[in-house]
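One letter stands for each residue in the lines below.
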Amino acid sequence: MSELIHKLGIDWKLLIAQAVNFVVLLWLLKKFLYGPVLELLRKRREDIKEGAQNAEKIAQELRQIEQRRAAELERVKKEAEIIIQEAKQAAKARGEELINQTEAKIAGLIAEAKRHLEEERIKMMDQAGKDVKELVFMVAEKVLEEQLPKDIHEKFVEEAVRRLKK
Amino acid sequence: MHISLAAEHIFSIGVFSVTNTLLMAWLAMGVLIAFALVVHRVLKPLPESGVQNFAEAVVDGAVSFIESAVGSRKDAERFFPVVATIFFFVLVSNWMGIFPGVGSIGFHEATEHGEVFAPLFRSANSDVNMTLALAIVAVATTHIMGVAAIGFFKHAGKFINFSNPILFFVGLLELVGEVAKMVSFSFRLFGNIFAGEILLTVIAFLVPYIAPLPFLGLELFVGFMQALVFAMLTLVFLTIATAEHH
């Protein structure tokens, strides 16, 4: 046995040295290579997972916002339609009112004008009546030459004028 | 041509004798530590360097591979450091053993057998001290993790069990099995790499040009396979040791 150990060159000191070498190597690799790289990989995996979750959340929120926006738009459209409708009605009503007013005014003016004309006519007729009365009076005076008393004479004239007016 | 099973003595630090295989182990460690430090320095949340991409790919690939073997990411990350370190250390030292100059640069040394050639560098795993040390660390780790996972008494109960005679003898066999594990671990790796070294030396001695090329390729493959086998067996033993029943 010791012959074999000697032939193989087994030396406890070397054996221990190699074992210590390996343990030191293991410790150093763990500290500087495996540990940091594994930590980094784990962190990256977590980051990616979180990122994916966030992206999903954002997409969902975006969808909600989009829906809300669409609903809002729909509401505003309806409101605008109502407002336009009301404005149209108001404008129409106002227009009709204006037209009515104008028509009334015109009618008023026409009536006024008619009334004026009537007055003018009556005045003229009066004047004409007076003039005719005087004329008739004068003619009658001339014709009758004071043969009738004055009051009867006037009565005649008036009667004549009245008849004329008719 | 002189072939020695034992690693050659190169120099001494005090009473401590440094062999060429220990030197190579230090070099392999140096390469891995340098890589780890470079990665540690360039590590950013968003990778900016090829080194980081490479390190991430290697680490994540290894953890995923272990995960596919043990089933859970938690266990995979627990076993990963020791399994990966075994794999990378064995792989790097095996491949460094194929470098030109390893086994050929050296000096002549006077010994009791006369003057012999002692190479300055020799593949770290062509020394039983190295492979046995790895095997002991690997098996010790399985026991430490076993105790940590299921408790000392439960774990020890797998080996020393007086509840009935059958379990008692099974426990004894398990104890023998633990020693056999170490021996098979160490001699498998040692045998493969040592044989590869000798194969390359012999081929290079017979036909120095062209002919060694296929064998170099073969040794690259063997170096990778042995690293993988050592690491995977360690993983299997770790899984068994941390399980309640076996």
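Residues numbered from 1 in each chain as written. Chains lettered and ligands numbered in written order. Predicted model: local features only at pLDDT ≥ 70, side-chain atom pairs only at ≥ 80, totals over all residues.

Some words on the overall build of chain B
Inference 1: Within chain B, the regular secondary structure consists of seven helices and four strands.
Inference 2: Listing every helix and strand of chain B by position from the N terminus yields β-β-α-α-α-β-β-α-α-α-α.
Inference 3: C-alpha extents for chain B along the principal axes are approximately 60 × 55 × 40 Å.
Inference 4: Per-residue burial over chain B gives 35% buried out of 246 residues.
Inference 5: If you take every contact in chain B between residues at least 6 apart in sequence, the share linking residues at least 24 apart comes to 62%. (Helix = DSSP H or I, 4+ residues; strand = E, 2+ residues; numbered from the N terminus. Buried ≥ 20, exposed ≤ 12 C-beta atoms within 10 Å, placed from the backbone. Contact = placed C-beta atoms within 7 Å.)

Topic: the overall build of chain A
Inference 1: Counting secondary structure elements, chain A contains three helices and zero strands.
Inference 2: Each helix (α) and strand (β) of chain A, taken in turn from the N terminus, gives the series α-α-α.
Inference 3: Here the C-alpha atoms of chain A give a radius of gyration of 64 Å, more than 25% beyond the 15 Å that 2.2 N^0.38 yields for 166 residues.
Inference 4: Projecting the C-alpha coordinates of chain A onto the three principal axes gives extents of approximately 205 × 20 × 20 Å. (Rg over C-alpha atoms; globule rule 2.2 N^0.38 Å.)

Describing the interface of chain A and chain B
Inference 1: Residue-level contacts link 28 residues of chain A with 36 residues of chain B.
Inference 2: Only helix 1 (2–8) and helix 2 (12–144) of chain A provide two or more residues apiece to the side of chain A that touches chain B.
Inference 3: The leading source of residues in the side of chain A that touches chain B is helix 2 of chain A, at 23 residues.
Inference 4: Classifying every residue of the side of chain A that touches chain B by side-chain character gives 20 nonpolar, three polar and five charged. (Nonpolar A, V, L, I, M, F, W, Y, C, P; charged D, E, K, R; others polar.)

Concerning the packing of helix 2 (residues 50–70) of chain B against helix 3 (residues 73–96) of chain B
Residue and element names in this part refer to chain B.
Inference 1: Two elements in contact, helix 2 and helix 3, have axes separated by 8 Å at closest approach and are oriented at 120°. Compared by their axis directions, helix 2 and helix 3 come out oblique. Pair helix 2 / helix 3 crosses with right-handed handedness. When helix 2 is examined against helix 3, the residues Ala62, Val63, Ile66, Glu67 and Val70 are found in contact with a partner set consisting of Arg73, Asp75, Ala76, Glu77, Phe79, Phe80, Val83 and Ala84.
Inference 2: For the contact of helix 2 with helix 3, a count of residues per class yields nine nonpolar, no polar and four charged. (Axes fitted to C-alpha atoms, helices over the stretch in contact; angles between N-to-C directions. Parallel < 35°, antiparallel > 145°, perpendicular 65-115°, else oblique. Left-handed = near helix turned anticlockwise from the far one by under 90°.)

Here's the deal with the pairing of strand 1 (residues 9–13) of chain B
Residues and elements named next belong to chain B.
Inference 1: As paired elements, strand 1 and strand 2 (residues 16–19) share four bridges and run antiparallel to each other. Directly across from Ile13, in strand 2, lies its bridge partner Phe16.
Inference 2: Linking strand 1 to strand 2, which pair antiparallel, is a turn of two residues; within it Gly14 sits at a positive phi near 65°. (Pairing = 2+ DSSP bridges.)

With respect to unusual backbone geometry
Inference 1: At Ile210 of chain B, a residue that is not glycine, the phi angle is positive and equals roughly 60°.
Inference 2: Inspection of the secondary structure puts Ile210 of chain B in the loop between helix 6 (165–206) and helix 7 (212–242).

Considerations on the nonpolar core
For soluble globular proteins, nonpolar side chains are generally found buried alongside one another.
Inference 1: Membership of the largest hydrophobic core comes to 60 residues, with the highest contact counts inside it found for Leu32, Phe79, Val83, Ile86, Phe87 and Phe89 of chain B.
Inference 2: Residues in contact with Phe79 of chain B, not counting those within four places in the same chain, are Ile66, Val70, Leu235 and Leu238 of chain B. (Core = buried A, V, L, I, M, F, W, Y, C linked by C-beta atoms within 7 Å.)

Quick notes on the environment of Ile82 of chain A
Residue and element names in this part refer to chain A.
Inference 1: Relative to the helices and strands, Ile82 is located in helix 2.
Inference 2: Look at Ile82 and you get exposed, because 10 C-beta atoms sit within 10 Å.
Inference 3: Separated by 55 residues in sequence, Ile82 and Phe137 have C-alpha atoms that sit 80 Å apart.

Things to note about the confidence of the model for chain A
Inference 1: Put simply, chain A has an average pLDDT of 87, and 96% of its residues get 70 or more.
Inference 2: Looking across chain A, the model is least confident in helix 3 (residues 150–165) of chain A, with a mean pLDDT of 76, and most confident in helix 2 of chain A, with 90. (pLDDT = per-residue confidence, 0-100.)

Side note on helix 3 of chain A
Inference 1: Compared with an ideal rise of 1.5 Å per residue, which puts 16 residues at 22 Å, helix 3 of chain A spans 23 Å between its outermost C-alpha atoms and is within 8% of the ideal.
Inference 2: Counting buried positions along helix 3 of chain A gives one out of 16 residues, so the element sits mostly on the surface. (Expected span 1.5 Å × (residues − 1).)

Focus: the confidence of the model for chain B
Residues and elements named next belong to chain B.
Inference 1: Averaged over every residue, the pLDDT of chain B is 87; residues scoring 70 or more account for 98%.
Inference 2: Here strand 3 (residues 106–111) stands out as the element of chain B with the lowest mean pLDDT, 75, in contrast to helix 7, whose mean of 91 is the highest.
Inference 3: Across the interface, the model reports ipTM at 0.84; the global pTM reads 0.73.

Things to note about helix 3 of chain B
Inference 1: The terminal C-alpha atoms of helix 3 of chain B, which comprises 24 residues, lie 32 Å apart, in line with the 34 Å expected from a rise of 1.5 Å per residue.
Inference 2: Maximal helix bending in helix 3 of chain B amounts to about 50°, located at Phe80 of chain B; proline Pro81 of chain B follows within four positions. (Bend = angle between axes of the 7 residues up to and from the residue.)

Some remarks on the environment of Leu15 of chain A
Inference 1: Among the structural elements, Leu15 of chain A can be located in helix 2.
Inference 2: Counting along the chain gives 94 residues from Leu15 of chain A to Leu109 of chain A, while the straight-line C-alpha distance between them is 135 Å.
Inference 3: If near-sequence neighbours (up to four positions away) are discounted, Leu15 of chain A is found in contact with Ile10 of chain A together with Asn129, Leu132 and Ala133 of chain B.

Quick word on the environment of Leu175 of chain B
Inference 1: Locating Leu175 of chain B in the fold gives a position in helix 6.
Inference 2: Sequence separation of Leu175 of chain B and Lys158 of chain B is 17 residues, and the distance between their C-alpha atoms is 8.9 Å.

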